[in-house]
Every structure is written in C-alpha cells, then in structure tokens.
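Single-letter residue listing:
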Amino acid sequence: MRSVFLGPPGAGKGTQARQLAAEGLTKHVSTGDLLRAEVERGTPLGIKARQFMDQGKLVPDDLVFEILFGCLEQGGKPLRSFILDGFPRNRAQALELDRRLQALGQSLTRVINFKFSEEAAVGRLSSRLLCRQCQAAYNEATAPPKSNLSCDLCGGTLQRRPDDEPEVVRNRFQEYRNKSAELVKYYEQAGLLVNVDAEQPANNVTVQVRKLLFDGGGR
Ligand code: AMP
C-alpha cells in the first residue's frame, strides 16, 4: 500500500496516518514533520524553509525533494508501504514523485482526498495542541489531553504550532486551494483518487480510510 493523503490543513490527515503507523500497518511520512524537524535543528535547509512556513507559504520544491525522497527507501530498499501526508502539494511534486517511484519499480496504489472546509480548519487548528515528542494531536475543545501540559501517550510537552494562528491558517488554506484542483485532476485521471468527508466524526473517517486502504480499496 503506497498512498497519498490530500487535503487542507486541519483535515485530520496526520492523525489518521499516525494511528495506522502506530499500529505498525504502514509508515507515515509527513513533509511538514520533516521540515519542522529541520527548523528545530536549525539546519541550513531548516533556516531557508522557515521563512516560508512562518507565513503559511509553500517551501520551494527542491528543498522538499531533498528531505523527502531518502525517506522512501530503507537500507537501500524501497519501502513496501507508506502514507505520504502533505506531499505532493502541486503538480510538479506529483510528477517528481511518480518519477522517483518508477525508478524504484513502484507506483502509488491509492490517493485519499480529505474534504474539509476553511471554517472548520480555522476552528480546529485554533484549539489544536501537539506533542513536541511524538506529534500526537489534541484539541482543547473536542479531544483535550488529560493534563494541559503533557501528552497522554508519551508525557512529552504540548505546544501550539506557530502556523496554526488563524491568519496563517487562512494563508495555508489559500495555498492549498490554489494548487489542489490540479492535483485532484491529476490523480482522478490516474484512477487513484477517492474522496472522504473529513468533517464527519473522526471515528467514521477512520473506518472509511481503512476500508479504502486495506479492504481491496488499496488496489
Ligand atoms: P503541514 O504540516 O503539512 O501543514 O505543513 C506545514 C508547512 O510546511 C506548510 O505550510 C508548508 O510551508 C510546508 N510544507 C509541508 N509540506 C510541503 C510540501 N510538500 N511542499 C511545500 N511546502 C510544504
């Protein structure tokens, strides 16, 4: 199963992918997480990427390619199963992904498009808390942690993402809207795309996503 999760910020792509990875069913590869790790470490790539991330803009493709493609191999062998979360963000990235997978003798098996409105995204992200250590997501309003300060799962410190401020979320959403139509078309034409209503309760989304990926829906 080699899958892409498309969808706007806050749609729950990361939460769903993380759960599947925690159960050992696949590997979760998030370009946002990879970029934030570079920013945190203060690497030259992280310093460049941060200028774009802080404003809710897309990081240039070459920087994203540099950190991503090594993650699709392990010990010189292509990963058998992965979910890409937050990649591709535009057609050029989708083409490059296809090219790299082809070179590894692979192709995508499923693309899930998480449908989610801007208002829902602003609402969800303004009360989101994330664990610095394991990236688990909480919501102060709908799914609060047992303690406001630490992660229920690993005890890590909880924090807000600087780009979850409503103004930045609107920029991120705008970036998403500008590019998502071409991506949806690209994967529709490839016969890979399935839409999921991501505004329904998270458990329903989970059931639907699993069916699509594993019950013959994964091709
Ligand atoms: P995310 O965690 O997916 O919401 O991504 C957070 C931020 O990282 C985005 O707002 C972008 O600035 C950057 N980013 C993540 N993935 C990509 C990508 N595939 N292409 C360009 N920028 C990205």
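Heads up: the structure comes first, above all this text.
Here is a short report on the structure shown in this document. (Residues numbered from 1 in each chain as written. Predicted model: local features only at pLDDT ≥ 70, side-chain atom pairs only at ≥ 80, totals over all residues. Heavy atoms only, no water.)

## Quick word on the sheet that holds strand β9 (residues 158-159)
Sheet strands associate in pairs through backbone hydrogen bonding, adopting either a parallel or an antiparallel arrangement.
And then number 1: An order of β8-β7-β9 is seen for the three strands of this open sheet, with the pairing classed as antiparallel. One side of each edge strand has no neighbouring strand; the edge strands of this open sheet are β8 (137-139) and β9.
And then number 2: By the bridge criterion, three bridges tie strand β7 (residues 128-131) to β8 in an arrangement that is antiparallel. For L129, the partnering residue across the bridge sits in β8 and is Y138. (Pairing = 2+ DSSP bridges. Helix = DSSP H or I, 4+ residues; strand = E, 2+ residues; numbered from the N terminus.)

## Quick notes on the pattern of salt bridges
And then number 1: Evaluated as defined, the whole model comprises 16 salt bridges.
And then number 2: Between R18 and D33 there is a salt bridge whose closest N-O contact spans 3.6 Å. Note that R18 is positioned in helix α1 (residues 13-22) and D33 in helix α2 (residues 31-41), a separation of 15 residues in sequence.
And then number 3: Of the charged contacts in the structure, one is a salt bridge between R100 and E96, with a shortest N-O distance of 2.8 Å. Here R100 and its partner E96 are both found in helix α5 (residues 91-103), four residues apart, which amounts to about one turn of the helix.
And then number 4: It is possible to trace a salt-bridge network through shared partners that takes in R128, R161, D163, D164 and R172. (Salt bridge = Lys/Arg side-chain N within 4 Å of Asp/Glu carboxyl O.)

## Digging into the site of the ligand
And then number 1: Lining the immediate environment of the ligand, one finds 16 residues, of which T31, R36, K57, G86 and Q93 sit closest.
And then number 2: R161 places a polar side-chain atom, nitrogen or oxygen, 3.1 Å from an oxygen atom of the ligand.
And then number 3: Within the complex, the protein chains bury 95% of what would otherwise be the 480 Å² of accessible surface of the ligand.
And then number 4: Of the residues forming the shell around the ligand, the biggest block, four residues, is contributed by α2. (Near = heavy atom within 4 Å. Polar contact = N/O pair within 3.5 Å; in protein donor to acceptor, adjacent residues only side chain to side chain. Areas by Shrake-Rupley, 256 points an atom, 1.4 Å probe, with all protein chains shown as cover.)

## So, the environment of L68
And then number 1: Take L68: it is sitting in helix α4 (residues 61-68).
And then number 2: The exposure class of L68 is buried, given its relative accessible area of 0%.
And then number 3: Those residues in contact with L68, other than ones at most four positions away along the chain, are V29, T31, L34, L84 and F87. (Buried < 20%, exposed > 50% of the residue type's maximum accessible area, 1.4 Å probe, protein only. Contact = heavy atoms within 4.5 Å.)

## Observations concerning the layout of surface pockets
And then number 1: The volume enclosed by the second largest pocket comes to roughly 450 Å³.
And then number 2: Sorting the residues of the lining of the second largest pocket by element identifies α2 and α3 (44-53) as the ones contributing at least two each.
And then number 3: A total of five residues in the lining of the second largest pocket trace back to one element, the largest contributor, which is α2.
And then number 4: For the lining of the second largest pocket, a count of residues per class yields five nonpolar, two polar and eight charged. (1 Å grid on protein atoms, 1.4 Å probe; cavity = no way out; pocket = protein on both sides within 12 Å on 5 of 7 lines; lining within 4 Å. Points joined across faces, edges and corners; volume = space filled by probe spheres on them. Nonpolar A, V, L, I, M, F, W, Y, C, P; charged D, E, K, R; others polar.)

## Considerations on α1
And then number 1: Burial in α1 covers these residues: K13, G14, Q16, A17 and L20. Projected onto a plane normal to the axis of α1, the buried residues spread over an arc of 165 degrees and lie on a single side.
And then number 2: Turning to α1, the residues buried within the fold contact β1 (2-6), β2 (27-30), β5 (82-85), β6 (110-115) and α8 (202-214).
And then number 3: G24 sits one or two residues past α1 and shows a positive phi near 75 degrees. (Arc of directions from axis to C-beta.)

## Comments concerning the sheet that holds β5
And then number 1: The sheet built from five strands is open, its strands ordered β2-β5-β1-β6-β10 with parallel pairing. Looking along the sheet, the strands with just one partner apiece sit at the ends: β2 and β10 (193-197). If you compare each strand with its neighbour and ignore which way they point, the axes differ by 25 degrees on average.
And then number 2: Bridge count for β2 against β5 is four bridges, and the pairing is parallel. Within β5, the residue paired with K27 across the bridge is F82.
And then number 3: Sitting on the sheet, α2 is in contact with β2 and β5, with an inclination near 60 degrees to β2. (Axes fitted to C-alpha atoms, helices over the stretch in contact; angles between N-to-C directions.)

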